[in-house]
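Okay, here's what each chain looks like letter by letter:
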Amino acid sequence: MDKVMALCKRRGFIFPGSELYGGLNGTFDYGPLGVALKRNIMEAWWSLFHTKKRQLGVVALDSGVLMARRVWEKSGHLANFADPMSDCVKCKKRTRADHLIERLDNTIACGTFEQTVQAAAALQAQGRWQCPYCDHSPLGAPRLFNLLFPTKLGPLSSEETFFRPETAQGVYVNMPNLFSARGAVKLPVGVAQMGKAFRNEINPSHFVFRTREFEQMELQWFCEKQDEDKWHAFWVEECLKFVCSPEFCNLDPTKVRVRHHAKADLAHYASACADLEYCFPFGWGELCGVANRGDWDLKAHNVLHAVFKDQQVSCIEPSMGASRLMLAMLCDAMGQEEDHLVLRLGKNMCPTQLAIMPVVNNKPEVLAKTAQVYDSLAQALISPRDLEHLELDLSSGSIGKKYAKHDEIGTLMCMTVDSDTCIDGSVSVRKRDSGERVRIRVDGVRSLDDVMIAAAR
Ligand SMILES: [Zn+2]
C-alpha cells in the first residue's frame, strides 16, 4: 500500500485532500492521471450497465446530491444508517466495533447492534476488548453513530437536510417522473446513475478505500418478484465480468471472490446481498455489492402502485464505488521491473495508450518530425476517446528514463521517432508488457487499435 500511495502522489494520480493546510482526514484529490483513470472506469461502467443494457430497458438519471429531509426519513436512513463504534477510554480514538469483533474472533455474530453489544461484553469479560491504537487500554461499549452528512439550506440555514449517502434514493423518488407517462410499465426496467455520495465515516481508512466523499455507480433493476433470484445471479455475473474482464477492469480473478451475506448482516433495506471482494494488501475488502432491495424503497416512498400497479416487484441493485475499484486496479496492476515499477493496467483503463517521443532531444530535425508524427496521428484518429489516450512527450531525459516513467504510469505503448523516421516515415513502437520493440509505419492509421495491430505483427 505504501508503494501504491507513493506512486499515486509522485505521478499525479491521487493527492491527499487540503494538503497545503495540513490535510483533511478521509478526503483526496485526483491529479491528471487519476482523472483519466477514474473517467475510464466510470465510462466503462456506463457502457456495460447503461448503454449496452438499453435494449433490456435501462434508462439514465442524474439526480441531485441534495434532496429533501423527508427522503431520508422515509428511506430509513435517518433511523438505521449507523455504524457501531467504541471509544478508547485513554486515547479517545474511535473504533468500528463490529470490525474489531470480526478481527478478534470471526465466529462471533455481530450483524445486528444487539449482537455487537453482546459480543463486545463477552470479549470484555475475557479481558480482550482493548483499543487497537494504544497499548491495552480498555474500550467502551459500542454506540451507534449515524453516517448521514448533515448540511443546512438557505440564507438563514434554517432547513436541515443531508448530502445523499447513496444515489439510489434519487431513482426511487423519480420513478413517477420516469415511468408514469408510459402507461402500464412492463417489467423488467432499470435506471442507471453515477455520481458523488457522502458518508460521515468515523474512521476513513486504507487510502481511497473508505473515504467521506466518493463516486458511486449504481443500477436499480426492477423485475417481477418471481424472477428475483434469476436477475440477482445475472447482475452478480455482470459485476464479475466488469471487474475481471481484460476489456474492463482486468483484475486478477484469483484475487476476487463473491461473498453472500448472512441474513443478520443485511442492510436495513435488503432481503439478500452478495458482495464482490478483492484481496487488497490490507486484506479482503468489498468492491461491489449486489443487493435485493425487494419493494422496500418503492413502498417507503409510496410509489409502488403509481408506477407498477398491482405487479409484484423486486429491485436488484448492483452498486460500486469508482475510487475503491481504482485502488484495487492500482494494487493489482503494480509490478516490479529490474529498476522501476510498472503498472500493467488493462488496455481500456490506462490513462495513456500511446505516448509519442523523440529518441534523442538534441536533434532539431528529429524533434520537428516527432511533433509532425503526433499532429498527423491526432488528425487521423477517428475517435475522440483515442485522442485523449494519445500523448506527446517532449520532456527531457534519456529514452530509457522515459520508458521507465511510462511503465510506471501504465502507458501501453511508446512510439519513438528517430532519424530513420525522417527518411522512410517508419517509427519504433515499444510495448509495456513485453518490452519488445517493433518497427511500423503510421500512414493509414485511423485508431490506436490500428497501431497495436501493426505492432503485433
Ligand atoms: Zn486507545
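Please refer to the structure higher up on the page.
Just so we're clear, the structure is a prediction, and the values are computed from it rather than from any experiment.

A. Region of the structure containing helix α13 (residues 364-380). If you check α13, its first and last C-alpha atoms are 24 Å apart, about what 17 residues at 1.5 Å a residue would give, namely 24 Å. What α13 keeps buried is the set Val366, Lys369, Thr370, Val373, Tyr374 and Leu377. For α13, the buried positions fall inside an angular range of 140 degrees around the axis, keeping them on one side. Of the residues in α13, the exposed ones pointing more than 90 degrees away from the buried face are Pro364 and Gln379. Buried-residue contacts for α13 involve β18 (354-358), β19 (390-392), β20 (413-417) and α16 (419-424).

B. Local environment of the coordination of the zinc ion. Of the protein atoms, only Cys88 (SG), Cys91 (SG), Cys131 (SG) and Cys134 (SG) coordinate the zinc ion, at distances of 2.2 to 2.4 Å. The site at the zinc ion holds 4 donor atoms, and with the angles between them running 104 to 119 degrees, its shape is tetrahedral. Sequence positions of the donors to the zinc ion reduce to the motif C-x2-C-x39-C-x2-C. Of this pair, Cys88 sits in the loop between β5 (82-87) and β6 (94-96) while Cys134 sits in the loop between α6 (113-125) and β7 (143-146), and the two are 46 residues apart along the sequence. The exposure class of Cys88 is buried, given its relative accessible area of 2%.

C. Summary view of the packing of aromatic side chains. Under the defined criterion, the tally for this structure stands at 19 aromatic pairs. Judged by centre distance (6.0 Å) and plane angle (80 degrees), the rings of Phe49 and Phe242 are edge-to-face. Of the two residues, Phe49 sits in helix α2 (residues 32-49) while Phe242 sits in helix α9 (residues 228-244), which places them 193 residues apart along the sequence. Where Phe242 meets Phe248, the ring centres are 5.6 Å apart and the plane angle is 40 degrees; that geometry is what we call tilted. Pair check on accessibility: Phe242 and Phe248 agree, each one buried. Put simply, the rings of Trp45, Trp46, Phe49, Trp221, Trp231, Phe234, Trp235, Phe242 and Phe248 pair up and form one aromatic cluster.

D. Representation of the nonpolar core in the model. By size, the foremost hydrophobic cluster in this structure holds 80 residues, and its most contacted members are Phe242 and Met415. Every residue in contact with Met415, bar those within four places of it in the chain, is listed here: Leu354, Ala355, Ile356, Met357, Val373, Leu377, Val427, Ser428, Val429, Ile440, Val442 and Val451. Counting residues in each nonpolar core, the second largest holds 18 residues, with Phe179, Val185, Leu298 and Leu304 among its members.

E. Quick peek at the packing of helix α5 (residues 97-104) against α6. In the contact formed by α5 and α6, the axes pass within 10 Å of each other and the chain directions differ by 50 degrees. With respect to α6, the element α5 is oriented oblique. Here α5 and α6 pass one another in a crossing that is left-handed. Contacts between α5 and α6 involve Ala97, Asp98, Ile101 and Leu104 on the former and, on the latter, Thr116, Ala119, Ala120 and Leu123. The residue inventory of the contact of α5 with α6, partitioned by class, reads 6 nonpolar, 1 polar and 1 charged.

F. Quick peek at the pattern of salt bridges. If you walk through the whole model with that rule in mind, you get 37 salt bridges. When the shortest N-O distance is used, the salt bridge between Glu73 and Arg70 registers 3.8 Å. Placement of both Glu73 and Arg70 in helix α3 (residues 69-74) is noted, with a separation of 3 residues, approximately one turn of the helix. Judged by relative accessible area, which is 38%, Glu73 ranks as partly exposed. Where Glu277 meets Arg259, a salt bridge forms, and the shortest distance between an N and an O atom there is 2.8 Å. With Glu277 in strand β13 (residues 272-280) and Arg259 in strand β12 (residues 256-260), this pair connects stretches of sequence that are 18 residues apart. Residue classification places Arg259 among the partly exposed positions, given a relative accessible area of 32%. Each member of the salt-bridge network shares a partner with another, and the members are Arg39, Glu43, Arg385 and Glu388.

G. Main features of the sheet that holds β13. One open sheet accounts for 7 strands, arranged β3-β10-β11-β15-β14-β13-β12; its pairing is mixed. Each edge of the open sheet is held by one strand with a lone partner, namely β3 (58-60) and β12. On average, each strand axis in the sheet is inclined to that of its neighbour by 25 degrees, with strand direction left out of account. Sheet topology places β12 next to β13; 5 bridges connect them, and they run antiparallel. Its bridge partner lying in β13, Arg259 is registered against Asp275.

H. How the structure looks around the sheet that holds β20. Taken together, 5 strands build an open sheet; the order of strands is β19-β18-β20-β21-β22 and the sheet is mixed. The open sheet terminates on both sides in strands that have one partner only, identified here as β19 and β22 (437-441). Looking at each pair of strands side by side, their axes are set apart by 25 degrees on average, direction ignored. Pairing of β20 with strand β21 (residues 426-431) involves 4 bridges; the strand directions are antiparallel. Each residue of the ladder has a partner; that of Met413, found in β21, is Lys431. Along the sheet, helix α15 (residues 399-408) makes contact with β18, β19, β20, β21 and β22, crossing β18 at roughly 165 degrees.

I. Region of the structure containing the environment of Leu390. Following the sequence through the fold, Leu390 ends up in strand β19. Since its relative accessible area comes to 7%, Leu390 is described here as buried. On a C-alpha basis, the gap between Leu390 and Leu448 in space is 8.2 Å, while along the polypeptide they are 58 residues apart. Not counting residues up to four positions away in its chain, the partners in contact with Leu390 are Leu354, Ile356, Tyr374, Leu377, Ala378, Leu381 and Leu448.

Reading the values: rules and limits
Note that residues are indexed from 1 along each chain, following the sequence as it is written. Owing to the predicted nature of the model, reporting of local features is limited to residues with pLDDT of at least 70; listing and counting of side-chain atom pairs is limited to 80 or more, with chain, interface and lining totals taken over all residues. Heavy atoms throughout the structure, all of them, feed into the side-chain values; hydrogens and water do not. The secondary structure listing takes helices from DSSP runs of H or I that are at least 4 residues long and strands from runs of E that are at least 2 residues long, numbered from the N terminus. Multiply 1.5 Å by the residue count of a helix minus one, and that product is the helix's expected span. Residue burial is assigned from relative accessible area. The probe radius is 1.4 Å, only protein chains are included, and a residue is buried under 20% of its type maximum, exposed over 50%, and partly exposed in between. When we speak of the arc, we mean the arc of directions from the helix axis to the C-beta atoms. Contact between two residues is taken to exist if any of their heavy atoms lie within 4.5 Å; hydrogens are not considered. For Na, K and Ca the donor cutoff is 3.2 Å, while for all other metals N, O and S atoms must lie within 2.8 Å; water is not among the atoms, so some sites may look incomplete. Any site counts as irregular unless it has four donors with all angles between 85 and 135 degrees, making it tetrahedral, or four or six donors with opposite ones more than 155 degrees apart and the rest between 65 and 115, making it square planar or octahedral. In this scheme Phe, Tyr and Trp rings, the latter by its six-membered ring, pair at centre separations within 6.5 Å, and the angle between planes marks the pair as stacked below 30 degrees, edge-to-face above 60, and tilted otherwise. Throughout this description, the term nonpolar core refers to a set of buried Ala, Val, Leu, Ile, Met, Phe, Trp, Tyr and Cys residues connected via side-chain atoms within 4.5 Å. The axes are straight lines fitted to the C-alpha atoms, using for helices just the contacting stretch, and the angles between their N-to-C directions are given from 0 to 180°. Here is the rule for angles: anything less than 35 degrees is roughly parallel, anything more than 145 is roughly antiparallel, 65 through 115 is roughly perpendicular, and the remaining ranges are oblique. It is the rotation of the near helix from the far one that decides the hand of a crossing: anticlockwise by less than a right angle makes it left-handed, clockwise makes it right-handed. Gly is placed with the polar residues, together with every amino acid not listed as nonpolar (Ala, Val, Leu, Ile, Met, Phe, Trp, Tyr, Cys and Pro) or charged (Asp, Glu, Lys and Arg). The term salt bridge refers to a pairing of a side-chain nitrogen on Lys or Arg with a carboxyl oxygen on Asp or Glu at a separation within 4 Å. Here, a strand pair is defined by DSSP locating no fewer than two bridges between the strands.

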